[in-house]
Amino acid sequence: MDNSKKLYIIRHAKAETIPGINDFDRALTSDGIQHAKQVAAKLATKLNLDENSLVISSPANRALQTTRIFLDVMGASAFDIQIEETIYECTYKHLLSIINAIPDHINHVLLFGHNPTLTDLVEYLTRKAAYLRTSSCAEIKLDTGFTFQMLSGNCADLVQIID
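Residues numbered from 1 in each chain as written. Predicted model: local features only at pLDDT ≥ 70, side-chain atom pairs only at ≥ 80, totals over all residues. Heavy atoms only, no water.

(A) Representation of the sheet that holds strand S4 (residues 108-113). On the basis of which strands lie adjacent, the open sheet formed by 6 strands has the order S3-S2-S4-S1-S5-S6 and mixed pairing. In the strand order of this sheet, the two ends are held by strand S3 (82-83) and strand S6 (156-162), each with one partner. In this structure, strand S2 (residues 53-57) lies alongside S4, joined through 5 bridges in parallel fashion. Residue pairing across strands places serine 53 opposite histidine 108, the latter belonging to S4. Sheet contacts for helix H1 (residues 30-44): strand S1 (6-11), S4, strand S5 (137-142) and S6; angle to S6, the most-contacted strand, approximately 130°. (Pairing = 2+ DSSP bridges. Helix = DSSP H or I, 4+ residues; strand = E, 2+ residues; numbered from the N terminus. Contact = heavy atoms within 4.5 Å. Axes fitted to C-alpha atoms, helices over the stretch in contact; angles between N-to-C directions.)

The structure is reproduced here in structure tokens:
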């Protein structure tokens, strides 16, 4: 059995662009909602959330909406979401510092946020070219023996991008 820790980096679903609406408050489009449900259903076949899982989200409306869709589709709608205020408009190095603070008992992390930061993080961790479209999920496996506290550049594998 594979006991490697995994990080699932998920970009928010497609959001509306309406003049006068603050970027932080943008809501998902109906197409974005549908696509998020499709990707979440694929992830649900691979992952069950439990007491050794952690869900972290940006506080932006579109990221939180995407997080809730994923949890609902995965049958975990009551799962706690750790809202990390600093994820919105941060750098990949800041995201890494958040990941590095995750306790040892956690085996699976779902991280919901924004581009270009998420794509930059995937490429830094795996040294693989990647691009996360809206609703896409990068499945990253930490090298054997690594914890989230030890995670840094080029010490994880990009298993797949779920679209």
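(B) Here's a closer look at the side chain of threonine 117. Considering the arrangement of structural elements, one finds threonine 117 in helix H4 (residues 117-126). If sequence neighbours within four positions are ignored, threonine 117 has contacts with Cys90, Thr91, Tyr92 and Leu95.

(C) Examining the pairing of S5 more closely. Counting buried residues along S5, 5 of its 6 residues qualify, which places the element largely inside the surrounding structure. Here S1 pairs with S5 via 5 bridges, running antiparallel. Bridging from a neighbouring strand, isoleucine 9 pairs with alanine 138 of S5. Two strands pair when backbone bridges link them, and S5 and S6 are joined in this way by 6 bridges, in the antiparallel orientation. The partner of isoleucine 140 across the bridge, within S6, is leucine 158. (Buried < 20%, exposed > 50% of the residue type's maximum accessible area, 1.4 Å probe, protein only.)

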